[in-house]
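# Tertiary structure, described
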Amino acid sequence: MSLRLGDIAPNFKIDTTQGEIDFHEWSGDSWVFFFSHPADFTPVCTTEMGRTAQLASEFAARNTKSLGLSTDTVEEHNKWIEDVNDTQNTTLEFPIVADEDYKISELYGMIHPGESETAAVRSVFIIDPNKKIRLTMTYPMSCGRNFDEILRVIDALQLSDAKRIATPADWKKGDEVIIPPSISNEAAKDIFPQGWNELRPYLRLTKV
């Protein structure tokens, strides 16, 4: 069964480059950026692992833990991390799941037979502190992930939770946001005392 938005992210215990983890215990009260890779020592994956490490402070500022996955062993992961650090000029400090038996890849639907029978595609799961899956993205093996977008959607989800808003197309931090139609104008006066710009009864923009 495929995982859907709003589902509780399945728990698992697995070896990683930082020892065995229980996923739900490890994630704690943090958000999680859980992302898979086809294999160690591959070019696109090396740049993605490096970029995640380079953005460690950005993820930390968003109370978000990074967790990588590749279908190789801990020993291979640790050798690969040396390459990642050397070629990407960074220090990789987040754990990488050793999913050599494809157990987690199958659990999370990361194996797409049309792409490969054995290698995980570039899956992304954004998981909130309640362990709910809030966003998924899937990239083909040939296309590296857009990390600006990954940070943007974490910002959007967290702001939506905190301020009861929605975000328009191409929204970035600091831009106007949308007051959802489920909030009446009367209720909006208390929630958004700063006011709003009503383009249509269903399209109200405000700053938060």
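Since we're looking at a predicted model, the values are computed, not measured. (Residues numbered from 1 in each chain as written. Predicted model: local features only at pLDDT ≥ 70, side-chain atom pairs only at ≥ 80, totals over all residues. Heavy atoms only, no water.)

### Brief notes about a negative patch on the surface
So the rule is basically this: Residues enter a patch when their relative accessible area is above 30% and they make no salt bridge; the linking distance is 9 Å between like charges and 5 Å between nonpolar side chains (Val, Leu, Ile, Met, Phe, Trp, Tyr). All accessibility values rest on the Shrake-Rupley procedure with a 1.4 Å probe; residue burial counts only the protein chains present in the view. Salt-bridge detection follows one rule: a side-chain nitrogen of Lys or Arg within 4 Å of a carboxyl oxygen of Asp or Glu. The positive count covers Lys and Arg only, the negative count covers Asp and Glu only, and His and the chain ends enter neither. The atom standing in for a charge is NZ when the residue is Lys, CZ when it is Arg, CG when it is Asp and CD when it is Glu. Numbering of helices and strands runs from the N terminus; a helix is a DSSP stretch of H or I covering at least four residues, while a strand is a stretch of E covering at least two.
On the surface, a cluster of negative charge is contributed by Asp15, Glu20, Glu76, Glu100 and Asp101. Relative to the elements of secondary structure, glutamate 20 occurs in strand S2 (residues 19–22).

### As for the domain arrangement of the protein chain
Inclusion rule: An automatic or database domain assignment supplies the residue ranges for each domain.
Domain annotation of the protein chain identifies domain 1 (11–151) and domain 2 (164–206). Placing the centre of domain 1 and that of domain 2 at their C-alpha centroids yields a distance of 35 Å.

### A word on the UniProt feature "active site" (unreviewed entry) in the protein chain
Selection rule: UniProt positions are given in the numbering used here, feature names are shortened, and annotations may be inferred rather than shown by experiment. Between buried and exposed lies partly exposed: a residue is buried under 20% and exposed over 50% of the maximum accessible area for its type, with that area taken using a 1.4 Å probe on protein chains only. By definition in these notes, contact holds between two residues if any of their heavy atoms fall within 4.5 Å.
The UniProt record marks Cys45 with the feature "active site" (unreviewed entry), using the residue numbering of this structure. With respect to the helices, strands and loops of the structure, cysteine 45 is situated in helix H2 (residues 43–54). Under the relative-accessibility criterion, cysteine 45 is labelled buried at 0%. Ignoring anything within four residues of it in the chain, the contact list for cysteine 45 reads His37, Pro38, Ala39, Trp80 and Arg122.

### Some details on helix H4 (residues 74–88)
We count it as follows: To estimate the expected span of a helix, subtract one from its residue number and multiply by 1.5 Å. Each C-beta atom gives one direction from the helix axis, and the arc is the one those directions make.
Compared with an ideal rise of 1.5 Å per residue, which puts 15 residues at 21 Å, H4 spans 20 Å between its outermost C-alpha atoms and is within 8% of the ideal. Those residues of H4 that sit buried are His77, Trp80, Ile81, Val84 and Gln88. Seen along its axis, H4 keeps its buried residues to an arc of 115°; they face one direction. Seen from the buried face of H4, the exposed residues on the opposite side, beyond 90 degrees, are Glu75, Glu82 and Asp86. On its buried side, H4 packs onto H2, strand S4 (64–70) and strand S5 (96–98). Looking at the residues trailing H4, positive phi occurs at asparagine 89, about 55°.

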